[in-house]
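# Survey of secondary and tertiary structure
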Amino acid sequence: MTPPPSPDDPAHPHHISTDHGRVHLSKDQRRTDATAVGNLLLHLPNFLCSLFVVALVSAFFGNLAFLVILAWLASGALVFHRPTESALARRLLRLRYPTPQERAKLEPVWRTVTARAGIEGRAYELWVEDSDDLNAVAAAGHIVGVTRFAMNQLPNGELAAVLAHELGHHVGGHAWSSLLGYWYALPGRVAWRLLKAFSGFAFKVSRAFGCFGVAFVVLFMGGLALATISTLYGLPLLLLGIPYALAAVGRRSELRADEHAAALGFAPMLAAVLDKLHQQEQRTAAELAAHNGGVPVEEGALAKLLSSHPDYHTRLHHLQPYLQPGR
């Protein structure tokens, strides 16, 4: 029996040629599609709550309060600031610059992807994550990261499909809109965590005073919540459903990025990558079941609603039109 060709073997069915001629750049290098706009709109209540928190904090600066608020509003521009992006890649995403050998492997594939898309590839930075999982990321305005596993274990056609998917997130505006929404939601998130910590501490202290103390804390916190909801015209109530709506938009953005890669001619390669991801998920589920005494750990309904990625069958279903003969 003939062994299957290695990922680097030109005979592999998903190997692609990285030689190309003249590159024709698209007039529109980026756009803001419906999912990016929806993401920004869904972050609006978070933004308003954060603005309320920043306004409260700025009151301690007296006459400089307006400048504090203005500085916070302007800070969103850091999303497109290259040094800030590099710090984000290193500190939060745990990425690193590729070695010369890794760059020699990544850049020809990246040039092929961007040439097909008509995108200026030099506008983006390629990063590597030291991970044995199959994964990739598009972040901020110019970051495209892939895991060491994806770079070394995938045929270059499948690696191209992964990179084309991440490019789709950038071209559609998904990456910057998600980071911008997250950034402007941070003050509200911090305030919420502090409030939860204070509430937990207050309940612990109130137990020392018996039922009267607990009742007092409950009434106080309830009154504070009611006053906040009334002052902000019920806005905090919307925050309860926003994570589910954002997850739904996130799933849609993944399908859009899949379609972007498929439209560039990488549909069969992307389907193969999705199959590998599905197998990876199944292995993880089997390991969790083994630790749970052989009982499968099933994902709950709420967890599925909060998932930012569609399941394997949904993604494969949306790829079917691009997998038909003649496409």
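The structure we're discussing is the one just above.
Residues numbered from 1 in each chain as written. Predicted model: local features only at pLDDT ≥ 70, side-chain atom pairs only at ≥ 80, totals over all residues. Heavy atoms only, no water.

### Examining the overall build of the protein chain
A count of helical and extended segments in the protein chain gives 13 helices and four strands. The buried share of the protein chain, taken over its 327 residues, is 40%. (Helix = DSSP H or I, 4+ residues; strand = E, 2+ residues; numbered from the N terminus. Buried < 20%, exposed > 50% of the residue type's maximum accessible area, 1.4 Å probe, protein only.)

### Digging into the packing of aromatic side chains
Overall, the coordinates contain six aromatic pairs when judged by the stated rule. Measuring from centroid to centroid gives 5.6 Å for Phe47 and Trp72, while their planes differ by 10°, and the two rings are stacked. Remark: Trp72 occurs in helix 3 (residues 65-74) and Phe47 occurs in helix 2 (residues 44-58); sequence separation between them is 25 residues. Seen from their ring centres, Trp110 and Tyr124 are 6.0 Å apart, and the 85° between their planes marks the pair as edge-to-face. Of this pair, Trp110 sits in helix 5 (residues 100-117) while Tyr124 sits in the loop between helix 5 and strand 2 (125-129); the two residues are 14 residues apart in sequence, bridging distant segments of the chain. Taken together, Phe47, Trp72 and Tyr184 form an aromatic cluster joined through their ring pairs. (Phe/Tyr/Trp six-rings, centres within 6.5 Å; stacked < 30°, edge-to-face > 60°.)

### Concerning the environment of Gly265
The residue Gly265 is located in helix 11 (residues 242-291) in this model. On the basis of relative accessibility, which here comes to 40%, the residue Gly265 falls in the partly exposed class. Between the alpha carbons of Gly265 and Tyr322 there is a distance of 8.2 Å; along the sequence they are 57 residues apart.

### So, the sheet that holds strand 1 (residues 95-96)
Taken in spatial order, the four strands of this open sheet run 1-2-4-3, and their pairing is mixed. Looking along the sheet, the strands with just one partner apiece sit at the ends: strand 1 and strand 3 (136-139). Of the strands in this sheet, strand 1, strand 2, strand 3 and strand 4 (143-147) touch helix 4 (residues 82-91), which is tilted by about 15° from strand 2. Together, strand 1, strand 2 and strand 4 form the strand contacts of helix 5, whose direction differs from that of strand 2 by roughly 130°. (Pairing = 2+ DSSP bridges. Contact = heavy atoms within 4.5 Å. Axes fitted to C-alpha atoms, helices over the stretch in contact; angles between N-to-C directions.)

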